[in-house]
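Structural features, examined
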Amino acid sequence: VTDLLGAYASETFNIRLNRPPNAPVATISPDPAAAQEKLTATISQDSVDPDGDQCTYSYAWTVDGVAVSAPATKNTLDEGLASGGDIVSVRVTPNDGYIDGEPFDMSVEIGNGSPSVTSCEIQPGSPLSNEDLTANPGGWYDPDGDQESYSYVWYLEEAGSWVQLPTTDS
């Protein structure tokens, strides 16, 4: 640039014209998912950057619409963060090193997890043939926090095979 008196100045700068990448396609696994399972978002179709730049991805997880604090590059949601009936969503956002592209959103409903027990004691320990038996389970655990509840099925071994017996209680 030169002014009317002949003084001048010059400056050089670069202008980058950049277009954002398109949305990727991803899946959440396992699907169906149960309570207390680790979830993983997997890219099944990469984003394409129209300028040919390499894309990276960030992940934003929510459980029933509430953000879960996790590193933005983490494509997994740790177990124990969702219970049966919760809706878990993840937003996968591509970035070409300069600008974020269109995100991809997906959700999965968490199913009811199976309860478990760690022990079951049968009383009396050495029954006579005419004594009633009682089952005393212990160590109840339900990943959804459901109330402790049991159903019982009794079997009797006869001539090398197991026969189911009718039962009304423990």
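We now turn to the structure provided with this report. (Residues numbered from 1 in each chain as written. Predicted model: local features only at pLDDT ≥ 70, side-chain atom pairs only at ≥ 80, totals over all residues. Heavy atoms only, no water.)

1. Remarks on the layout of surface pockets
We apply this condition: For cavity detection a 1 Å grid was placed over the protein atoms alone, and a set of points counts as a cavity when a 1.4 Å probe fits there but cannot get out; an open set counts as a pocket when protein lies on both sides within 12 Å along at least five of seven lines, with lining residues being those that have an atom within 4 Å of a point. Grid points are joined across faces, edges and corners, and a volume is the space filled by probe spheres set on the points. Elements are defined by DSSP. Helices are runs of H or I of four residues or more, strands are runs of E of two residues or more, and each kind is numbered from the N terminus. Residues are grouped as follows: Ala, Val, Leu, Ile, Met, Phe, Trp, Tyr, Cys and Pro are nonpolar; Asp, Glu, Lys and Arg are charged; every other residue, Gly included, is polar.
Looking at the largest pocket, its volume works out to about 220 Å³. Forming the boundary of the largest pocket are Pro127, Leu128, Ser129, Glu131, Asp132, Leu133, Trp154, Tyr155, Leu156, Glu157, Trp162 and Leu165. Mapped onto the lining of the largest pocket, the elements with two or more residues apiece are strand S11 (154-158) and strand S12 (161-165). When residues in the lining of the largest pocket are grouped by element, the largest group, 4 residues, is from S11. For the lining of the largest pocket, the residue count by class is 8 nonpolar, 1 polar and 3 charged.

2. Quick word on the nonpolar core
Going by this rule: Only buried residues count toward a nonpolar core. Its members are Ala, Val, Leu, Ile, Met, Phe, Trp, Tyr and Cys residues joined through side-chain atoms within 4.5 Å. Classification of residues uses two cut-offs on accessible area relative to the type maximum, computed with a 1.4 Å probe and protein chains only: under 20% is buried, over 50% is exposed, and between them is partly exposed. In this analysis, two residues are considered to be in contact whenever any of their non-hydrogen atoms come within 4.5 Å of each other.
Counting residues in each nonpolar core, the largest one holds 20 residues, and the members touching the most others are Leu39, Trp61, Val88, Val90 and Ile110. Within the residue set of this core, elements represented by two or more residues are strand S1 (25-29), strand S3 (39-45), strand S4 (56-63), strand S7 (87-95) and strand S8 (104-111). With 4 residues, the single largest contributor to this core is S4. In contact with Leu39, other than residues within four places in its own chain, are Ile28, Ser29, Pro30, Ala33, Trp61, Asn75, Thr76, Leu77, Val88, Val108 and Ile110.

3. So, empty space enclosed by the protein
According to the stated counting rule, one finds 1 cavity of 30 Å³ or more in the structure shown. Considering the residues around the largest cavity, the lining is formed by Ala34, Gln36, Glu37, Leu77, Asp78, Glu79, Gly80, Leu81, Ala82 and Ile110. Taken together, the residues that form the lining of the largest cavity break down as 5 nonpolar, 2 polar and 3 charged.

4. Let's talk about the sheet that holds S8
Formally: At least two bridges found by DSSP between two strands is the condition for calling them paired.
Spatially, S2-S8-S7-S4-S5 is the arrangement adopted by the 5 strands of the open sheet, whose pairing is mixed. In this open sheet, the two edge strands, each paired with only one partner strand, are strand S2 (33-34) and strand S5 (66-67). As judged from the 8 bridges shared by S4 and S7, these two strands associate in the antiparallel manner. For Thr56, the partnering residue across the bridge sits in S7 and is Asn95.

5. Some thoughts on the sheet that holds strand S6 (residues 76-77)
Taken together, 3 strands build an open sheet; the order of strands is S1-S3-S6 and the sheet is antiparallel. The open sheet has two edge strands, S1 and S6, and neither has a second partner.

6. Description of the environment of Ala23
With respect to the helices, strands and loops of the structure, Ala23 is situated in the segment before S1. Separated by 135 residues in the primary sequence, Ala23 and Glu158 have C-alpha atoms spaced 64 Å apart. Ala23 has contacts with Ser47, Glu102 and Pro103, leaving out every residue within four places of it along the chain.

7. A closer look at the side chain of Thr76
You can see Thr76 is positioned in strand S6. Ignoring anything within four residues of it in the chain, the contact list for Thr76 reads Lys38, Leu39, Thr40 and Trp61.

8. Structural notes on a nonpolar patch on the surface
What counts is decided by this rule: Exposure above 30% relative accessible area and the lack of any salt bridge qualify a residue for a patch; like charges then connect within 9 Å, and the nonpolar side chains Val, Leu, Ile, Met, Phe, Trp and Tyr within 5 Å. Under the convention used here, a 1.4 Å probe and the Shrake-Rupley method define accessible areas, while residue burial counts only the protein chains that appear. When a carboxyl oxygen of Asp or Glu is within 4 Å of a side-chain nitrogen of Lys or Arg, the pair counts as a salt bridge.
On the surface, a nonpolar cluster with roughly 420 Å² of combined accessible area is contributed by Phe13, Ile15 and Leu17. The topology assignment puts Phe13 in the segment before S1. In this structure Phe13 comes out as exposed when scored by relative accessible area, which is 60%.

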